[in-house]
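# Reading the structure
Residue-level listing of the chains:
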Amino acid sequence: MDVLQTRANASTEETPVCAIVDSLPALVLTGAGISVSSGIPTYRNDRGEWLRSDPITHQEFLSQERQRKRYWGRSLLGWPAVRDAAPGIAHSALAELEKLQAISHLVTQNVDRLHQKAGSESVTDLHGRLDNVKCRSCDAQYHRDDIQTALAEANPHINRTTVDARPDGDADMSDELVDSIRIPDCQRCGGVLMPDVVFFGGSIPRDRVAYCRSQLKTANSLIVIGSSLQVYSGFRFCRWASQESKPIFLINPGTTRADDLGRRWATDADSALLAVLSRLRQA
């Protein structure tokens, strides 16, 4: 953990570090901003404005073959960068905070599994996981790397040069190439394969939401890291915490949808969590 301590230099007189430490253990909710130092950019800018191409919705994926081609073609290019990304300082700091029993549970809106790679154990992947693929007909499950192999074999004409990582394993692809993509079907039943993630317009399983809310009830506070909370699935955690009069801390360089419900610390995730970890070790 020496590498973590080298950056723990934030002044507690200017930050809510002491207040955060006094409100532990906390439930932590993370968004795309925590993975920036791992080379995976965010969806939105500091004002919460969408930066990328329009996302494919749940219904579009199921009903339109071309949208499935678009998803899998772009994922053929983008998946390796997410798969090979390494946890950042903030991921490692959260794993250490869990060991110190400062975190009661971690809920992530990300699908990159970097928290698990860093060693966090009590984690809920709120929006699913990109490394798993399911058949919509028979529920057969596949590892994403197996689908990558099938995609590569079915599409030898695609030049799979290294591309920058995107939050959901996406990458740019021309309309002409999208039209040429061949999609693998389920090997068991021939059904439609879909990544085990919640697309825009899709629903998070109710039991997953209920479990996360139960974890919030047992925590002393809520810490949101790297999320503008523009999507309601994350924002509702702040509403729940506010209803229960739990302190809410928002660690995000830009504005968030919950700025009027909690205290925002306008800094990056790495610096903030190292400061919290350093303060906790001194307590």
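Everything numeric in this text was worked out from a predicted model, so none of it was measured. (Residues numbered from 1 in each chain as written. Predicted model: local features only at pLDDT ≥ 70, side-chain atom pairs only at ≥ 80, totals over all residues. Heavy atoms only, no water.)

### Considering the sheet that holds strand 2 (residues 103–108)
Where we set the bar: Two strands qualify as a pair provided that DSSP identifies no fewer than 2 bridges between them. Note on conventions: DSSP H or I runs of at least 4 residues are helices, E runs of at least 2 residues are strands, and numbering of each starts at the N terminus. To obtain an axis, a line is fitted to C-alpha atoms, over the contacting stretch when the element is a helix, and the angle between two such axes runs from 0 to 180 degrees between their N-to-C directions. When checking whether two residues touch, look at their non-hydrogen atoms; a contact exists if any pair is within 4.5 Å.
Overall, parallel pairing links the 6 strands, which are arranged 3-2-1-7-8-9 in an open sheet. Edge positions in the sheet fall to strand 3 (123–125) and strand 9 (263–265), since each of these pairs with one other strand and no more. Along the sheet, successive strands turn relative to each other by an average axial angle of 20 degrees, direction set aside. Bridge count between strand 2 and strand 3: 3 bridges; the pairing is parallel. Bridge pairing in strand 3 links Thr 108 to Asp 125. Along the sheet, helix 5 (residues 89–99) makes contact with strand 1 (26–30), strand 2 and strand 7 (221–225), crossing strand 2 at roughly 150 degrees.

### Section: the nonpolar core
Short version of the rule: Definition of nonpolar core: a set of buried residues of the types Ala, Val, Leu, Ile, Met, Phe, Trp, Tyr and Cys, connected through side-chain atoms within 4.5 Å. Using a 1.4 Å probe on the protein chains alone, a residue whose accessible area is under 20% of its type maximum counts as buried, one over 50% counts as exposed, and one in between counts as partly exposed.
Within the largest apolar cluster, 29 residues are counted, with the highest numbers of intra-cluster contacts made by Trp 72 and Leu 193. In terms of residues, this core owes the most to one element, helix 4 (residues 65–83), which gives 6 residues. Not counting residues up to four positions away in its chain, the partners in contact with Leu 193 are Phe 61, Trp 72, Val 133, Lys 134, Cys 135, Tyr 142, Ile 147, Pro 184, Asp 185 and Cys 186.

### Digging into the confidence of the model for the protein chain
What counts here: A score from 0 to 100, pLDDT tells how confident the predictor is in each residue.
This prediction gives the protein chain a mean pLDDT of 89; 87% of its residues lie at or above 70. Contacts from residues 1–13, a stretch scored under 50 in pLDDT, to residues over four places away or in other chains number 21 contacts.

### Describing the packing of helix 9 (residues 206–218) against helix 10 (residues 232–243)
Applied cut-off: The labels follow the angle: roughly parallel below 35 degrees, roughly antiparallel above 145, roughly perpendicular from 65 to 115, and oblique for the rest. Crossing chirality is assigned from the near helix's rotation relative to the far helix, an anticlockwise turn below a right angle marking it left-handed and a clockwise turn marking it right-handed. Classification used: nonpolar for Ala, Val, Leu, Ile, Met, Phe, Trp, Tyr, Cys and Pro, charged for Asp, Glu, Lys and Arg, polar for all others including Gly.
Close contact between helix 9 and helix 10 brings their axes to 11 Å; oriented N to C, the two are set at 40 degrees. Between helix 9 and helix 10, the angle falls in the class oblique. Remark: the crossing between helix 9 and helix 10 carries right-handed chirality. Contact residues: Val 209, Cys 212, Arg 213 and Leu 216 in helix 9; Arg 236, Phe 237, Trp 240, Ala 241 and Gln 243 in helix 10. Residues that form the contact of helix 9 with helix 10 fall into these classes: 6 nonpolar, 1 polar and 2 charged.

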